[in-house]
Structures are given as structure tokens and as C-alpha cells.
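# Fold and geometry: a report
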Amino acid sequence: MLLHFYKMNGAGNDFIIIDNRDLSINLDEDTIAALCDRHRGIGADGLLAVEPAEHGADYKFRYYNADGGEAEMCGNGARCFGFFTAHLSDSEELPESVSFETIAGTLSADIVGDDIRIAMSEPKDLELKAPIELEGHAADFYFLNTGVPHVVSFVEDVQAVDVVTYGRTVREHPHFAPNGTNANFAQILAPDHIAIRTYERGVEDETLACGTGMVASALIHHLLTGAESPIKVDVEGGDTLSVGFEKTSDTTFTNVTLTGPADFVFEGEIEI
Ligand SMILES: N[C@@H](CCC[C@H](N)C(=O)O)C(=O)O
């Protein structure tokens, strides 16, 4: 079978997108992993599939990591999904907003100038001072689920961190078993500005950006320092994104948004 696909990236986190609104495409885990393989496939951090909505939104969002396993959400993927589905519209003008159902809840994407702004699900499962200790790493760890699970640790110099070694240890730590977690290392650049690097579960490597990781890191930064919304986040791919939020209690948030780029790269066909 010939699979028609699109390639996009959000701040360097790259995705294969397929239009499966008619549900005619059925990809198993091994096929998704083969398509995401950077040497033998198209190459991507994950695969997004557009499916018909089941609960009244415009579309259903499916996200698979590069290892072929399905994840609940992906912040950079959601911006690409919003951009892509806005262009599926029949009307001459692009819709200003599209909504889609994810495992983490129904989200919306708005086109804001050259960027896409995602209204995220409400973060949950906050854990201040997660019980992890890493030899050679003195900083504390915090946990927040922003659609998918994230550990955040603040360091003096994020470029000096061995993200793959430490990130993998956190990702596989028994405290987060069986689902595992993504791991972020963050540095404060200014009160309203941080830089992060992320080890992603399911890619099992550092990626150039992770949207849900940016949101988790910005919100933890707020809880620790009182930094006000919006918080700017620099990512390894070189972009700076923006995280907005309103606080509803000492530990809860609403109206959480992530604003940043979503870029179309190419489209093609591949035999599967
Ligand atoms: N790249 C993502 C997160 C994708 C899911 C993650 N790897 C997981 O399995 O939790 C983002 O931009 O949020």
C-alpha cells in the first residue's frame, strides 16, 4: 500500500502526519516505528493521525511516539495538528480556531499571526520534590502531568547536563513505573525566561523541543519563584516559545496555553 504523508515540525520536534479522516489507514506499532526511523524510514520524533471526532470537536488527534507506542498528548504535535487541520477546511479563509479530541481532553488551536496557540488541558498530579536521587546531580526533581508525564529539574547551566544519561535514568526510575516519564532540565535565564532540554519517553533520546515539557517547566518555575505569565521558554532547536497560565490555587492552573511555530516541511508517498 502507498501511504501519503506530510512532514511538519514544531520548534524542531518533527512529525509525520497522515490524514485518516476516512479511517482507511491502519498502522501497527512496528510500521509506525519503521516510518519514524531516521535511517530506514521517513524519520520523525512521532506520527500524528487525523481521525474523525467522536465527541463534537472538529477532529480526533492520535499521537504515536517514534517507538510506535501511543501517547496521550504532544504539545508541539498539537500545534502542527492545528495548522494542518486548519488547512483541511473547505472555506476560502483559514478558520481562526480548530478543536480536537485527545486522550488528555479536548483542546483547541488558534492561529495567532505566524504562530499557533494551543489551549492545553489542566495540568495534574503535581509532585513537589519527587523522591529521585541521581549521583552527580544535586538538584531537586518535580513532577507534573501536562497531558503526558514530566519531571523537571532546575540546574545552573542546562548546556552542561548530560541529558541522555540523566534523562534516561529518570525516565526509567521505578517511582514512575510502569508508564515512565519524560525528563526536563531547565535553567533560569531571567525571572520570566527559562531554557530547557528534554529527554522524551518513546523517542528514548533528547529531542530539539517538547511542548508539554515546556509547559511543565514553566509552571514549576512559577511555583518555585512566582514568575508571572507569560513565561518564555528557549528550546534546544533554537526557538523561543511562550507559556501562558492563570493560577486557580497554590498548586492548580487554568487557561494554560502554549504558543509557538508549526512548520510544513514536505509531503510524499511511501510504500508500507
Ligand atoms: N514531543 C511532545 C511529547 C510527546 C509525548 C511524549 N514523548 C510521551 O510519551 O509522553 C510534546 O511536544 O509535548
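Residues numbered from 1 in each chain as written. Predicted model: local features only at pLDDT ≥ 70, side-chain atom pairs only at ≥ 80, totals over all residues.

The chain appears in an unreviewed UniProt entry as Diaminopimelate epimerase from Luteolibacter algae. Within the UniProt record for the chain, the comment given under Subunit (unreviewed entry) is "Homodimer." For the record of the chain, the UniProt heading Sequence similarities (unreviewed entry) holds the text "Belongs to the diaminopimelate epimerase family." (UniProt positions renumbered as here; feature names shortened; annotations may be inferred.)

Okay, the nonpolar core next. Taken as a class, soluble globular proteins show a tendency for nonpolar side chains to be buried jointly. Formed by 73 residues in total, the largest nonpolar core has its most connected members in Ile16, Ile17, Leu47, Cys80, Met214, Val215 and Val233. Examining the composition of this core, we find that six residues originate from one element, helix α4 (residues 211–225), more than from any other. The residues that make up this core include at least three from each of domain 1 (2–120 + 262–271) and domain 2 (124–260). Setting aside its immediate chain neighbours within four residues, valine 215 contacts Gly75, Met120, Thr146, Val243, Val256 and Leu258. (Core = buried A, V, L, I, M, F, W, Y, C linked by C-beta atoms within 7 Å. Buried ≥ 20, exposed ≤ 12 C-beta atoms within 10 Å, placed from the backbone. Helix = DSSP H or I, 4+ residues; strand = E, 2+ residues; numbered from the N terminus. Domains from an automatic or database assignment. Contact = placed C-beta atoms within 7 Å.)

The full set close to the ligand counts 16 residues, and Gly75, Asn76, Val148, Gly211 and Thr212 are the nearest of them. Going through the elements one at a time, α2 (75–86) and α4 are the ones with two or more residues in the shell around the ligand. Ranked by residues supplied to the shell around the ligand, first place goes to α2 with three residues. Of the residues contributing to the shell around the ligand, the split by class is five nonpolar, nine polar and two charged. Taken together, domain 1 (2–120 + 262–271) and domain 2 (124–260) each give at least three residues to the shell around the ligand, which thus spans both. (Near = placed C-beta within 6 Å. Nonpolar A, V, L, I, M, F, W, Y, C, P; charged D, E, K, R; others polar.)

Detailed conclusions should not be drawn from predicted coordinates in areas where pLDDT is low. Averaged over all residues, the pLDDT of the chain is 97; the fraction at 70 or higher stands at 100%. In the model output, the complex is listed with pTM 0.97 alongside ipTM 0.97. (pLDDT = per-residue confidence, 0-100.)

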